Number of protein chains: 2
Amino acid sequence: MCYWDRFTWSSCYFHCTSDHSSRKAGLTAKEQLDPFVLIKDEVSEVTDRLRSMVVAEVPELTSAAGYFFRAGAEGKRTCPTVLLLMASAISMDIADGLENKPRARHMHLAEITEMIHIWSLIHDDVLDDADTRRGMDSLNFKVGKKLAVLAGNFLLFRAFSAAVSLDNTEVVSLLATAVNNLVTGELMQMSITPAQRCSMDYYLQKTYYKTAALISNSCKAIAVLAEQTTEVQALAYQYGRHLGIAYQLIDDILDFTGTSASLGKASLSDIHQGIVTAPILFAMEEFPELHEIVEQGFDDPLNVKTALKYLSKSQGIERTRSLAAEHAKLVAGAIDDLPDSEDQVVLNSRQALKDLTQKFMRRTK
Amino acid sequence: MCYWDRFTWSSCYFHCTSDHSSRKAGLTAKEQLDPFVLIKDEVSEVTDRLRSMVVAEVPELTSAAGYFFRAGAEGKRTCPTVLLLMASAISMDIADGLENKPRARHMHLAEITEMIHIWSLIHDDVLDDADTRRGMDSLNFKVGKKLAVLAGNFLLFRAFSAAVSLDNTEVVSLLATAVNNLVTGELMQMSITPAQRCSMDYYLQKTYYKTAALISNSCKAIAVLAEQTTEVQALAYQYGRHLGIAYQLIDDILDFTGTSASLGKASLSDIHQGIVTAPILFAMEEFPELHEIVEQGFDDPLNVKTALKYLSKSQGIERTRSLAAEHAKLVAGAIDDLPDSEDQVVLNSRQALKDLTQKFMRRTK
């Protein structure tokens, strides 16, 4: 249940230079067209600016709000990467850095989205009493729940203040919708009834809210800021929506099958927390007798054991993977439906967005 | 430390009719000019709409977010009252109800401000582990901390979505500043150092953030929405600023002297929570030996006893009351400096805003 946070760019098969100034000089012609090379410096800029954006009047707040933006703790920046690639993919006129106003606005949106993302991680960890995040102490574990709640609130309002300064009502509305969905998703998980726990529709709705709403609305906001047509806006939204759902479905599988980091040992953290995901829901369709177990919940370890037994006999994992593949196909379809372009950077960015999905599909951690 | 929440309109010396339709018919000429009569229906409308604005997809969230908007639990609505009076006080053309667009926008701002206010109460109660609020269970006591945090987040985002729909960047910025200040104020209280605990400047800054920032920025936003001059905007802001600080200073006194509800028995809740307020800070100026006690904090009951002894020997209460009176004078000054008007409703509204301050000054609960 880490959402967006398990993927590691270190296993990324795209070639990325480590020299931040690489865009200025010394790039090969191929690298100059490689969207990951092109956006690498910008993602670094986004990260640097995030650190300066969370400076508060009170040092404790600065330190807590910046906990996940410290060097070495800043994660993979999946959201900014996707958003800046999307900005390039829908642009007919690739801008170069902050001198170009539309590109600067897209970078601001990437910062805002990342702040909202980190806010949701911080508050989720508080609500879930989680001790760890990204392989280190969770913020609540590190500084206590109270300061973690406040740091989350602070981030959210830095995000909203920054959003307001974009001076685009529709973009602010899209972000507000995403935040509302994040809250609703967490609540849907927390207050779930036995009947809802057995419902695939409920699960998918919650998954959309918790994992896909932010990236889909932000992708759409990229298109809005680029003054693209409503068709392009809708395609950008669909890309983010299906990418987020596909990502989460694979995450759900890895919770049962184990990640490469856990050397094949399943963490089973979802089911131990009583959270029922797609593999179990599919298994239940094959074995209706599992229904009663799921309705009862998983406080009793015997129920966990029984559910896992049914899961192993079922096609639950395979069907979840197929569903993820369907969403991945829709991700690619959204990109393919974008208006034609002959700009090589645009085309490369589109390919990168599609490749990214496939990378998510194949990931093992 | 209840902020804005202790004042009761039931002791209000303005005459208010109980008939919601009173504005439509049957009002005496005097009543038609009484600003409290004029805004009573509107404050009721604001309250009604607040209930419908917090309907969420998940019933538990609707119920939690609407906890303080239920009939009988909706408090005194001080913020909407002040804001709607301010709207009338700076208007040269008093509008009548929602048919009039500017008035409708002012009412929306009143709703938004009230949602932010309630959000801050809910999150403060979570952070302070408070069991009660407004003489009933706090939301965290009623539904648990997790749901209370989520309900707060939800309210905040309903507020921001509504703010965005006002389509005025400056107003959204003012509200974002207020929320940022509320978070910073709570943090200043939480992470206070011994030296800061002894500082009047620190105390006044925190008081502004926690109690005055929302009403002052919202009063300014009223003027911005009314397309008033920057001078009027600044006066509206100053009104809210000094009103909030005066209110809190009196609140701090009542914590030591007892309220009419507690029949003269001091609750001493601030000092027992280790929160040092103006009376003690003034006492410390008279008796420097108190400095060491305040620096040590009040975990030791003996320190509480010693501090109270010094307070009773000092002019701490009187000087706090004088400081509150100075702020009350500045409140009145801000109103007196508004541009001349001959409209009786405008003049009555201005008088009501000044009288309200005096009422706050005299309150005993």
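Residues numbered from 1 in each chain as written. Chains lettered and ligands numbered in written order. Predicted model: local features only at pLDDT ≥ 70, side-chain atom pairs only at ≥ 80, totals over all residues. Heavy atoms only, no water.

Visitor: Residues and numbers for the overall build of chain A, please.
Guide: When helices and strands are counted, chain A shows 17 helices and 2 strands. Looking at the 365 residues of chain A, the share that counts as buried comes to 61%. Counting every atom, chain A has about 14200 Å² of accessible surface; 52% of that belongs to carbon and sulfur. (Helix = DSSP H or I, 4+ residues; strand = E, 2+ residues; numbered from the N terminus. Buried < 20%, exposed > 50% of the residue type's maximum accessible area, 1.4 Å probe, protein only. Areas by Shrake-Rupley, 256 points an atom, 1.4 Å probe, with all protein chains shown as cover.)

Visitor: So what about the relation of the copies chain B and chain A? Which residues, and what values?
Guide: Overlaying chain B with chain A gives an RMSD of 0.0 Å, the required rotation being 180° about an axis along which the chain moves by 0.0 Å. What the superposition gives is, in effect, a two-fold axis relating one chain to the other. Of the residues that chain B buries at the interface, 100% are likewise interface residues in chain A, meaning the two copies contact each other through the same surface. (Least-squares fit on C-alpha atoms with pLDDT ≥ 70 in both. Contact = heavy atoms within 4.5 Å.)

Visitor: Break down the interface of chain B and chain A for me, with residues and values.
Guide: Between chain B and chain A, the residue contacts involve 36 residues of the former and 37 residues of the latter. In this assembly, chain B and chain A are joined by 0 salt bridges. Our count for the chain B to chain A interface comes out at 6 residue pairs in polar contact (both at pLDDT 80 or more). The set of elements that each furnish at least two residues to the side of chain B that touches chain A consists of helix H3 (59-65), helix H5 (101-128), helix H7 (145-165), helix H8 (169-190) and helix H10 (200-225) of chain B. When its residues are assigned to classes, the side of chain B that touches chain A shows 20 nonpolar, 9 polar and 7 charged. (Salt bridge = Lys/Arg side-chain N within 4 Å of Asp/Glu carboxyl O. Polar contact = N/O pair within 3.5 Å; in protein donor to acceptor, adjacent residues only side chain to side chain. Nonpolar A, V, L, I, M, F, W, Y, C, P; charged D, E, K, R; others polar.)

Visitor: Which residues make up the packing of helix H7 (residues 145-165) of chain A against helix H8 (residues 169-190) of chain A, and what values go with them?
Guide: In a packed pair of helices, the relevant descriptors are the angle between the two axes and the axis-to-axis distance. Residue and element names in this part refer to chain A. The geometry of H7 relative to H8 is characterised by a closest axis approach of 10 Å and an angle of 160° between their N-to-C directions. The orientation of H7 relative to H8 falls into the category roughly antiparallel. Crossing angle aside, the handedness with which H7 passes H8 is right-handed. Where H7 approaches H8, its residues Leu156, Phe160, Ala163 and Val164 are matched on the opposing element by Val172, Leu175, Ala176 and Val179. In the contact of H7 with H8, the residues fall into 8 nonpolar, no polar and no charged. (Axes fitted to C-alpha atoms, helices over the stretch in contact; angles between N-to-C directions. Parallel < 35°, antiparallel > 145°, perpendicular 65-115°, else oblique. Left-handed = near helix turned anticlockwise from the far one by under 90°.)

Visitor: Kindly report on unusual backbone geometry, identifying the contributing residues and their values.
Guide: One non-glycine residue, Asp129 of chain A, lies in the positive phi region at around 55°. With respect to the secondary-structure elements, Asp129 of chain A resides in the loop between helix H5 (101-128) and strand S1 (132-133). The backbone of Glu227 of chain B shows a phi angle near 55°, a positive value even though the residue is not glycine. Position of Glu227 of chain B relative to the elements: it lies in the loop between H10 and helix H11 (230-257). Given a relative accessible area of 73%, Glu227 of chain B falls into the exposed group.

Visitor: Give a detailed account of the packing of aromatic side chains, specifying residues and quantitative values.
Guide: The final tally for this structure, using the stated rule, is 9 aromatic pairs over all chains. Aromatic pair Tyr208 of chain A and Tyr209 of chain A: ring centres 5.8 Å apart, planes at 50°, arrangement tilted. Tyr209 of chain A shares its class with Tyr208 of chain A; the two are buried. Ring geometry for Tyr67 of chain B versus Phe68 of chain B: centroids 5.0 Å apart, planes at 70°, classification edge-to-face. (Phe/Tyr/Trp six-rings, centres within 6.5 Å; stacked < 30°, edge-to-face > 60°.)

Visitor: Which residues make up H8 of chain B, and what are the values?
Guide: The terminal C-alpha atoms of H8 of chain B lie 31 Å apart, and with 22 residues this matches the ideal 32 Å at 1.5 Å per residue to within 8%. Here H8 of chain B lies mainly inside the structure; 17 of its 22 residues are buried. (Expected span 1.5 Å × (residues − 1).)

Visitor: So, the pattern of salt bridges: which residues are in play, and what are the values?
Guide: Applying the stated rule across the entire model yields 22 salt bridges over all chains. The salt bridge partner of Glu42 of chain A is Arg103 of chain A, with a shortest N-O separation of 2.7 Å. Taken together, the positions of Glu42 of chain A in helix H2 (residues 35-53) and Arg103 of chain A in helix H5 put the pair 61 residues apart, joining distant regions of the chain. Exposure class is identical for Glu42 of chain A and Arg103 of chain A. Each is buried. The partner of Asp251 of chain B in a salt bridge is Arg363 of chain B, and the shortest N-O contact between them spans 3.4 Å. Placement of the pair is Asp251 of chain B in helix H11 and Arg363 of chain B in the segment after helix H17 (344-362), with a sequence separation of 112 residues. Residues Asp251 of chain B and Arg363 of chain B agree in their burial class; the two are buried.

Visitor: Describe the nonpolar core, listing the residues and the values that go with them.
Guide: Counting 250 residues, the largest nonpolar core has Tyr239 of chain A together with Tyr239 of chain B as its most contacted members. Apart from residues no more than four positions distant in its own chain, Tyr239 of chain B is found in contact with Val82, Met86, Cys219, Val331, Ala334, Ile335, Leu353, Leu356 and Thr357 of chain B. (Core = buried A, V, L, I, M, F, W, Y, C linked by side-chain atoms within 4.5 Å.)

Visitor: Account for the state of the cysteines, with residues named and values stated.
Guide: Across all of its chains, the model carries 0 disulfides over all chains by this definition. Of the cysteine sulfurs around Cys219 of chain A, a residue in no disulfide, the closest is that of Cys79 of chain A, at 8.8 Å. (Disulfide = S-S within 2.5 Å.)

Visitor: So what about the environment of Leu308 of chain A? Which residues, and what values?
Guide: Residues and elements named next belong to chain A. Looking at the element boundaries, Leu308 is found in helix H15 (residues 301-313). Sequence separation between Leu308 and Thr229 is 79 residues; the distance between their C-alpha atoms is 48 Å. Sequence-distant contacts of Leu308, that is, excluding residues within four places in its chain, are made with Phe256 and Leu268.

Visitor: Let's hear about the confidence of the model for chain A: which residues, and what values?
Guide: Residues and elements named next belong to chain A. In this model, chain A carries an average pLDDT of 85, and 85% of its residues clear a pLDDT of 70 or more. Counting contacts from residues 94-99, a segment whose pLDDT is below 50, to residues more than four positions away or on other chains yields 14 contacts. We note a pTM of 0.79 for the whole complex and an ipTM of 0.70 for its interfaces. (pLDDT = per-residue confidence, 0-100.)

Visitor: Can you break down the side chain of His106 of chain B residue by residue, with the values?
Guide: Residues and elements named next belong to chain B. By the secondary structure assignment, His106 is in helix H5. Residue His106 is classed as buried on the basis of its relative accessible area, which comes to 4%. Engagement of the side chain of His106 in a polar contact is seen with the backbone oxygen of Ile222, the distance being 2.9 Å. What His106 contacts, discounting residues up to four positions off in sequence, is Leu84, Ala87, Ile222, Leu225 and Ala226.

Visitor: Lay out helix H15 (residues 301-313) of chain B with the relevant residues and their values.
Guide: Residues and elements named next belong to chain B. Over its 13 residues, H15 extends 19 Å from the first C-alpha to the last, a length consistent with the 18 Å expected when each residue adds 1.5 Å. Looking only at H15, the buried set comprises Asn303, Val304, Ala307, Tyr310 and Leu311. The buried residues of H15 all sit within an arc of 130° when viewed along its axis, so they share a single face. Exposed positions of H15 whose direction lies more than 90 degrees from the buried face are Pro301, Leu302, Lys305 and Ser312. Tucked inside the fold, the buried residues of H15 contact H11, helix H12 (269-272), helix H13 (278-286), helix H14 (290-296) and helix H16 (316-336). Regarding H15, its N-cap is Asp300, as a side-chain oxygen of that residue lies 2.9 Å from the backbone nitrogen of Leu302 further along. (Arc of directions from axis to C-beta.)

Visitor: Please set out the environment of Ala148 of chain B residue by residue, giving values where relevant.
Guide: Residue and element names in this part refer to chain B. Secondary-structure assignment places Ala148 in helix H7. Here Ala148 falls in the buried class, since its relative accessible area comes to 0%. As for Ala148 and Tyr67, which are separated by 81 residues in sequence, their C-alpha atoms are 10.0 Å apart.

Visitor: Account for the environment of Val224 of chain B, with residues named and values stated.
Guide: All names here are of chain B. Along the chain, Val224 turns up in helix H10. Sequence-wise, Val224 and Asn168 are 56 residues apart; in three dimensions their C-alpha atoms are separated by 8.8 Å. Setting aside anything within four residues of it in sequence, one finds Val224 in contact with Asn168, Glu170, Val171, Leu174 and Gln233.

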